[in-house]
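If you want the building blocks of each chain, they are given just below.
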Amino acid sequence: MSRMRQIEDIYNRRGEHARKLHEAGEKVIGYFCCFVPDEIITALGMVPYRIQGSQSEPIDEADVLLEPMACPFARSCFNMALKGEYEFLDGFVVPHSCDTVERLYHIWHTNKPSPFNHLINVPHMLGPSSDEFFKNELLYFTKRLEEFAGRKLEVEKLKEAIRLYNRRRALLRELYGLRRESPPRISGVEITKTLVAGMGIPAAEHIDLISGLIEEVKKRPVVPPDGLPRIFLWGNEIDDISFINLVEECGAHVVMDDLCTGSRFFWQDVEETEDPFDGLVRRYLDIHCPRTLKPQAGAREEDLENRFGYIHSFMKEWQAAAAIFYIVRYCDTCELEGPDLKEYLNGLDLPVLMIEDDYSTSTMGQLRTRIQAFLEMII
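How each quantity is defined
- Counting starts from 1 at the beginning of each chain's written sequence and moves along it residue by residue.
- Restriction of local features to residues with pLDDT of at least 70 applies here, the model being predicted, together with a cutoff of 80 or more for giving and counting side-chain atom pairs; totals for whole chains, interfaces and linings are based on all residues.
- The side-chain numbers reported here are obtained from all heavy atoms of the structure, hydrogens and water having been left aside.
- A run of H or I in DSSP becomes a helix once it reaches four residues, and a run of E becomes a strand once it reaches two; helices and strands are each numbered from the N terminus.
- Put simply, the radius of gyration uses C-alpha atoms, and a globule should come to 2.2 Å times the residue count raised to 0.38.
- Exposure classes here rest on a 1.4 Å probe applied to the protein chains alone. A residue is buried below 20% of its type maximum, exposed above 50%, and partly exposed in between.
- Any two residues whose heavy atoms approach within 4.5 Å are treated as being in contact.
- Per-residue and other accessible areas were derived by the Shrake-Rupley procedure at a 1.4 Å probe size, with only the shown protein chains allowed to occlude residues.
- A positive count includes Lys and Arg, and a negative count includes Asp and Glu. His and the chain ends are not counted in either.
- Each charge is placed at NZ for Lys, CZ for Arg, CG for Asp and CD for Glu.
- Strands qualify as paired when DSSP identifies two bridges or more between them.
- With axes taken as lines fitted to C-alpha atoms, and helix axes fitted only over the stretch in contact, angles between N-to-C directions fall between 0 and 180 degrees.
- When the strands point away from the viewer, a crossover counts as right-handed if the path from the first strand over the helix to the second runs clockwise.
- Put simply, the grid is 1 Å and covers the protein atoms alone, a cavity is a trapped set of points that fit a 1.4 Å probe, a pocket is an open set with protein on both sides within 12 Å along at least five of seven lines, and lining residues have an atom within 4 Å of a point.
- Grid points are joined across faces, edges and corners, and a volume is the space filled by probe spheres set on the points.
- The nonpolar class holds Ala, Val, Leu, Ile, Met, Phe, Trp, Tyr, Cys and Pro. Asp, Glu, Lys and Arg form the charged class, and all remaining residues, Gly among them, are polar.

Enquirer: Explain the overall build of the protein to me, please; I cannot follow it from the model alone.
Expert: Per the secondary structure count, the protein includes 14 helices and 8 strands. In summary, the protein has a C-alpha radius of gyration of 20 Å against a globular reference of 21 Å for 379 residues, a match within 12%. Dimensions of the protein along its principal axes, counting C-alpha atoms only, are 60 × 55 × 50 Å. Within the protein, the proportion of its 379 residues that are buried is 56%. Across the protein, every contact between residues at least 6 apart in sequence was considered, and the portion connecting residues at least 24 apart equals 74%. For the protein, the accessible surface area stands at approximately 16,000 Å², while carbon and sulfur atoms represent 50% of it. Of note, the protein has its 44 positive side-chain charges centred 3 Å away from the centre of its 62 negative side-chain charges.

Written as structure tokens, this is what we have:
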């Protein structure tokens with residue numbers, strides 16, 4: 001079986017592998033967002049599992065306990081938990097990535113507690129005290145995990161885990177690099193399946209799949225340029241191929257992204273420091289996320305460049321002609337950040353389409369006309 005077929009199988013049956021590990025006696029620790037260090041969980045001999053929702057299933061139970069005007073991704077995840085989809089989780093870890101997720105932790109903990117439950121407080125403002133504050137949070141998280149695991153964290157094990165995840169990051173960057181070609185050798189849909197599949201399996205297994213996939217993709221025949229527009233995606237949660245498939249079906253190549261389920265969670269390595277927690281702190285606080293406020297740099301134009309210059313670099317390197325923002329409805333952080341980023345990109349003569357969606361596959365038909373019209377405009 002090809003690596004892509006294996007990845008598709010894991011993607012289509014997400015959660016099954018983690019469930020089998022749980023049944024075999026492994027401890028599976030579920031978590032939200034990209035601010036929870038997988039390295040700590042792995043170093044303690046447990047399996048990290050990034051919690052996902054379902055864009056194809058209706059939210060039919062969660063609204064009794066969580067207001068409907070909350071993030072539909074968060075509501076979908078909680079809905080799955082209420083229906084028993086996450087019974088295989090031995091732990092439930094939530095960072096304060098946004099107010100909705102922080103509030104969801106308490107509601108989830110009250111109604112569907114796991115054997116281990118923990119909230120990590122992540123600084124929203126970056127400043128002189130942020131590193132020390134977050135390091136203390138990670139040390140406390142580690143202490144509680146040690147108590148749950150029944151073993152102490154070995155520094156060398158943590159350093160090994162950091163090298164393991166840096167290896168995975170390097171391979172994912174290499175895979176993304178194959179989309180620089182025109183046309184790209186690997187589609188946005190295939191990339192999404194690869195990323196989502198890896199969120200529910202041990203890192204070593206994901207590394208094996210990515211390595212094999214890279215070799216397969218490199219052997220694909222070179223296709224002549226097709227003239228289709230190259231699109232950059234920005235937003236929050238895309239853990240289903242439906243939207244990216246729609247964009248590509250409409251006649252475009254999705255070549256690069258800044259998503260919390262995309263490049264945002266793996267682009268930067270953890271520096272190998274003497275105290276591994278120092279490297280972890282710096283790396284996870286450096287994640288480009290709308291929920292984190294950087295100190296303002298100079299006047300308006302300079303501040304926008306400081307905040308979004310890396311996105312311009314991505315778009316230049318991957319030759320993206322335009323950007324599509326995919327924002328899950330009621331996401332305050334992206335809703336507030338989006339207009340500033342749009343202003344910045346428009347100032348560089350880069351067209352932007354902003355889409356607010358309900359985190360549901362049922363909306364894809366409604367979005368098709370908007371995407372087609374946008375693509376026609378930029379050809």
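Enquirer: Whenever I open this one, the sheet that holds strand β4 (residues 116–120) confuses me. Can you help?
Expert: Picture the strands of a sheet paired through backbone hydrogen bonds; they go either parallel or antiparallel. With parallel pairing, 4 strands are arranged side by side in an open sheet as β2-β1-β3-β4. The sheet terminates laterally at β2 (47–50) and β4, the two strands that pair on one side only. Across the sheet, the mean angle separating the axes of adjacent strands is 20 degrees when strand polarity is ignored. Inspection of the sheet shows strand β1 (residues 28–31) paired to strand β3 (residues 91–95) by 3 bridges, in the parallel sense. What sits directly across from tyrosine 31, in β3, is valine 93. Against the sheet, helix α5 (residues 99–111) engages β3 and β4, with an angle of about 160 degrees to β4.

Enquirer: Any chance you could explain the pairing of β3 here in plain terms?
Expert: Two faces, one strand: in a regular strand the side chains alternate between the faces of the sheet. In terms of burial, β3 is a largely internal element, 5 of the 5 residues being buried. Of the two faces of β3, the one holding Gly91, Val93 and Pro95 and the one holding Phe92 and Val94 are both buried throughout. In this sheet, β4 lies alongside β3 in parallel orientation, the contact comprising 5 bridges. Opposite valine 93, over in β4, you have histidine 118 as the bridge partner. Taken together, β3, α5 and β4 constitute a β-α-β crossover, and its handedness is right-handed.

Enquirer: What should I look at first to understand empty space enclosed by the protein in this one?
Expert: Gaps left between atoms are located by rolling a probe of water-molecule size over the structure's atoms. The full count for this structure, using the stated rule, is 4 cavities of 30 Å³ or more. Lining the largest cavity are 21 residues, and of these Tyr31, Asp38, Tyr165, Arg168 and Phe265 lie nearest its centre. Of all the elements in the fold, those that place two or more residues in the lining of the largest cavity are β2, α7 (155–177), α8 (188–198) and α11 (276–285). A class-by-class count of the residues in the lining of the largest cavity yields 15 nonpolar, 1 polar and 5 charged. Listed by contribution, the elements that provide at least two residues to the lining of the second largest cavity are α8 and β6 (253–258). Element by element, the count of residues in the lining of the second largest cavity is highest for α8, at 4 residues.

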